[in-house]
Amino acid sequence: MKLLVYGAGVCGSLFAARMHEAGHDVSLLARGERLTALRRQGVQLAEEDGPAVKRVPVPVIEHPDGGYDLITVFVRTHQVDAVLESLAGVQGDVLFLLNWAAGPETLGAVIGHARVLLGFPATGGTMDGDVVRYRKSNFITRRVAMPIGEPDGRTTPRLVRIVETFRTAGINARAEPQMDAWLRTHAAFEVPLGQAVHAAGGPVALADAPDAVRGMLHLIRQNLAAMETPPVPRAFAALRALPQGLLAAVLRRFLKSPTAVHSGLNDPSPVTAAELKRLAEQLRAPAGARRRDVPPGPLGQNCACS
């Protein structure tokens, strides 16, 4: 497979390295200082706090070049508009693996609806300088598959081909028939969580603030109740049904876990705040009226901004 990985952060770098090691023709697109570092040292990987750093010589580029069998996009929500414009004239199906609650129509309007696939990365980690420190594999993380789907929910030959290609590269992927609803459900949960973590100063600090955790749960429940469709996966419905005290205890334990500490939740950078703000605006847009630019308002401020 000739593959372009657009975005050289944690998820994009890790994905590109895995596909390169599996023998695929991979190019990793990066800009600025990240591009310079990748050209000098390749993708550098380390397991959480482990001392060993592995270098994978993935080819890196600054601009898309020619056509591809598949383009995978790993960028922040607020960076998608610029990516769409740069890919409009580049051939190849485009799999968006990112936070997105505005629906597939806004993506297809720029690059062509037939090219769009939706998904979300199952990997996680943090950047330590130029080194990607990814989450240690365990029983739970091995069972979590990367969901990928067609905008209309069909199981198409290209979807089957992509899922199988990723699996043969050691990337646990699965077809998700309700990918748009999955992404909106994730955003309904992720945005209040990110807001609360940012305000507290990190996941561990939030875990030590019970009132803030309860306030975050209240906003998550509001977001889920406002969705036009049932939550996907259905397990998220438990966030609306289970006692708040039980949920708060579970979330506080999660926030202190290595999974939370070694994840994007522990990234206090301005780009994280910008992403959460844009995702909040997307959540506010009603079904059938989602568009790329939605003015902020009270609901966005309450449920999403960080």
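This structure is a prediction, so every number in the text was calculated from the model and none was measured.

(A) Region of interest: the packing of aromatic side chains. For the structure on display, the rule yields four aromatic pairs. With centroids separated by 5.2 Å and ring planes inclined at 45°, the aromatic side chains of Phe 15 and Phe 74 adopt a geometry described as tilted. Of this pair, Phe 15 sits in helix H1 (residues 10–21) while Phe 74 sits in the loop between strand S6 (70–73) and helix H3 (80–87), and the two are 59 residues apart along the sequence. Plain terms: the ring middles of Phe 15 and Phe 166 are 5.1 Å apart, the flat faces sit at 85° to each other, and that makes the pair edge-to-face. Placement of Phe 15 in helix H1 and of Phe 166 in helix H6 (residues 157–168) is noted, with a sequence separation of 151 residues between them. Neither residue differs from the other here; Phe 15 and Phe 166 are each classed as buried. Through a chain of ring-to-ring contacts, three or more aromatic side chains come together here, namely Phe 15, Phe 74 and Phe 166. The ring of Tyr 68 carries the charged tip of Lys 2 above its face, separated from the ring centre by 5.2 Å. Against the face of Tyr 134 rests Arg 18, its NZ or CZ located 5.4 Å from the ring centre.

(B) The pattern of salt bridges, seen in detail. If you walk through the whole model with that rule in mind, you get 15 salt bridges. Measuring nitrogen to oxygen at the nearest pair gives 3.7 Å for the salt bridge that ties Glu 21 to Arg 18. Remark: Arg 18 and Glu 21 occur in helix H1; sequence separation between them is three residues, near one turn of the helix. Classification of Glu 21 as partly exposed rests on a relative accessible area of 38%. Among the residues examined, Arg 18 registers a relative accessible area of 26% and is labelled partly exposed. When the shortest N-O distance is used, the salt bridge between Arg 174 and Glu 176 registers 2.8 Å. Beyond isolated ion pairs, a larger network of salt bridges with shared partners links Arg 18, Glu 21 and Lys 54.

(C) Seen up close, the confidence of the model for the protein chain. On average, residues of the protein chain score 89 in pLDDT, and 92% of them reach the 70 mark or higher. Overall, residues 291–306 carries pLDDT values under 50, and its contacts beyond four positions in sequence, including any with other chains, amount to 40 contacts.

Parameters at a glance
- Residues numbered from 1 in each chain as written.
- Predicted model: local features only at pLDDT ≥ 70, side-chain atom pairs only at ≥ 80, totals over all residues.
- Heavy atoms only, no water.
- Phe/Tyr/Trp six-rings, centres within 6.5 Å; stacked < 30°, edge-to-face > 60°.
- Helix = DSSP H or I, 4+ residues; strand = E, 2+ residues; numbered from the N terminus.
- Buried < 20%, exposed > 50% of the residue type's maximum accessible area, 1.4 Å probe, protein only.
- Lys NZ or Arg CZ within 6 Å of the ring centre and 35° of its normal.
- Salt bridge = Lys/Arg side-chain N within 4 Å of Asp/Glu carboxyl O.
- pLDDT = per-residue confidence, 0-100.
- Contact = heavy atoms within 4.5 Å.

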